[in-house]
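# Structure at a glance
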Amino acid sequence: MKQMERKEILKRLTLKIKAGKPIIAGGVGLGIVAKMQEAAGIDMIMAYNTGPYRMDGVPSFVGHMPYGNCNRVTLDLVDILANRLTDTPVIAGAGAGDPFLDIPYHIETLCRRGASGITNMPTVGGKKAGALKGPVRDDMEWNGFGFKREAEMIRYCRKRDIFSVAYAFDEEQVRTLVQAGTDIIAPHVGGTAGGMTGFETVSVEEAADKIQRMYMAAVQENPDIIVLCHGGPLKDAKTVEECMKHTDIHGFIGASALERIPVENELTKIVSAFKATHLR
């Protein structure tokens, strides 16, 4: 796959925004999904450990649980994508909460493997609405392996001029990550609804209201920041477009919406079609 410098990615994305076109990034857990997303003209591919779990038929949140080493899973995924893609930047996830992780060394390793950027996934998220809450989250923060470490990772990327995307769950977190120098801030409104392993979530209107508040917090820190929404009720093109009508965001990051749900829907239809055939 083609590795891109930060300035090249920013130039591509900025031109799209100026042309009035949304930026669309897709999470992947399989090489075939990455190939099809690239063939369809996806702007960026997000590669992190929840993808393989999601495409194995279990909820994405399993990637936040201690069932596997999140950073090793992502390294393996990046290696797979390196042989499947040609001209699409891959943004690799890094779990900063791993207490054994040497962040600079790991980021440099991901880049040597072909990644063009870094994102904070899996993330602990916001205290009130993030991926981890309660005593476990409190203990991580107390011992220095929580959100602050994710911000340090984004700060390191900016220092090294490495492209970065940062998921955020609330306005305070948005401000911190934009100040740290992220190129894209992604308001995260929870696990994606829909399909066989979707989550209960808020309405599109409620999600849009929250996303717009995070957008405003972001542009107050950096007027040139790129803002992409993710998760919650934003499960297909219709719901994403409805969200765009009520916000000033620049596009969408879809994971379940751009791989799990399409596979569930289309494969079910195709198998049903085969089942409906008749012997002579």
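A brief report on the enclosed structure follows. Everything numeric here is computed off the predicted structure, so don't read it as measured data. Counting restarts for each chain, with residues numbered from 1 along the sequence as it is written. In view of the model being predicted, local features appear only for residues whose pLDDT reaches at least 70, and side-chain atom pairs are presented and counted only at 80 or more, with totals across whole chains, interfaces and linings using the full set of residues. Side-chain descriptors were evaluated using all non-hydrogen atoms of the structure, hydrogens and water having been removed beforehand.

Let us now look at the packing of aromatic side chains. Within 6.5 Å between ring centres, the rings of Phe, Tyr and Trp (the latter by its six-membered ring) count as paired, and their orientation is classed by plane angle as stacked under 30 degrees, edge-to-face over 60, tilted in between. Under the defined criterion, the tally for this structure stands at two aromatic pairs. For the ring pair Tyr-48 and Tyr-167, a centre distance of 6.1 Å and an interplane angle of 85° mean the geometry is edge-to-face. One end of the pair, Tyr-48, is in the loop between strand E2 (44-47) and helix H3 (50-55); the other, Tyr-167, is in strand E5 (residues 163-168), and 119 residues separate them in sequence. Looking at Tyr-48, the relative accessible area reads 2%, which means it is buried. Taking 6.2 Å as the distance between ring centres and 70° as the angle between the ring planes, the aromatic pair formed by Phe-61 and Phe-199 counts as edge-to-face. Of the two residues, Phe-61 sits in the loop between H3 and helix H4 (70-82) while Phe-199 sits in the loop between strand E6 (184-187) and helix H9 (204-221), which places them 138 residues apart along the sequence. The cut-offs for exposure are 20% and 50% of the maximum accessible area for each residue type, with area from a 1.4 Å probe on protein chains only; residues under the lower value are buried, those over the upper are exposed, and the others partly exposed. Residue classification places Phe-199 among the partly exposed positions, given a relative accessible area of 28%. Lysine NZ or arginine CZ positioned within 6 Å of the ring centre and within 35 degrees of the ring normal marks a charge as sitting over the ring. Directly above the ring of Tyr-105 sits Arg-112, whose terminal nitrogen or CZ lies 5.7 Å from the centroid. Helical segments are the DSSP runs of H or I of at least four residues, strand segments are the runs of E of at least two, and each set is numbered from the N terminus.

The term salt bridge refers to a side-chain nitrogen of Lys or Arg lying within 4 Å of a carboxyl oxygen of Asp or Glu. Taken as a whole and judged by the stated rule, the model has 14 salt bridges. The closest approach of N and O atoms between Lys-2 and Glu-8, which form a salt bridge, is 3.2 Å. A salt bridge links Lys-269 to Glu-266, with the nearest nitrogen and oxygen atoms 3.7 Å apart. Of this pair, Lys-269 and Glu-266 both sit in helix H11 (residues 260-275), separated by three residues, roughly a single helical turn. Take Lys-269: its relative accessible area is 55%, and that puts it in the exposed class. The structure contains a network of salt bridges with shared partners spanning Lys-2, Glu-8, Arg-12 and Asp-87.

Looking at the element boundaries, Arg-149 is found in helix H7 (residues 147-159). Here Arg-149 occupies a buried position and makes no salt bridge, while the nearest side chain of opposite charge, Glu-152, is found at 4.9 Å. Among the polar contacts made by the side chain of Arg-149, one reaches the main-chain carbonyl oxygen of Asp-98 at a distance of 2.9 Å. With residues near it in sequence (within four places) discarded, Arg-149 still touches Ala-96, Asp-98, Leu-101, Ile-103 and Gly-144. Lys and Arg are tallied as positive, Asp and Glu as negative. Neither His nor the chain termini are counted. Contacts described as polar in this section are N or O atom pairs within 3.5 Å, which, within protein, must combine one atom able to donate a hydrogen with one able to accept it, while residues neighboring in sequence count only if both atoms come from side chains. Residue contacts are defined here by distance: any two heavy atoms, one from each residue, within 4.5 Å place the two residues in contact.

Two strands make a pair as long as DSSP finds a minimum of two bridges between them. Read once around its circumference, the closed barrel built from eight strands follows the order E1-E2-E3-E4-E5-E6-E7-E8, with strand pairing classed as parallel. Each strand axis lies, on average, 25° off the axis of its neighbour in the sheet, ignoring direction. Across three bridges, the pairing between strand E3 (residues 90-93) and strand E4 (residues 117-119) is parallel. Looking at E4, one finds that Ala-92 is bridged to Ile-118. Lines are fitted to the C-alpha atoms to define the axes, a helix being fitted only along its stretch in contact, and any angle between axes, read from their N-to-C directions, falls within 0 to 180 degrees.

Further remarks concern the pairing of E5. Most of E5 is tucked away: six of the six residues are buried. Residue alternation in E5 divides its side chains into two sets, Phe-163, Val-165 and Tyr-167 and Ser-164, Ala-166 and Ala-168, and both sets are buried. As paired strands, E4 and E5 are joined by three bridges and run parallel to one another. By the bridge assignment, Gly-117 is partnered in E5 with Phe-163. Where E5 lies against E6, four bridges are found, and the strand directions are parallel. Bridging across to E6, Ala-166 finds its partner in Ile-185. Traced from E5 through helix H8 (residues 171-180) to E6, the parallel crossover comes out right-handed. With the strands aimed away from the viewer, a crossover counts as right-handed if its path from the first strand over the helix to the second runs clockwise.

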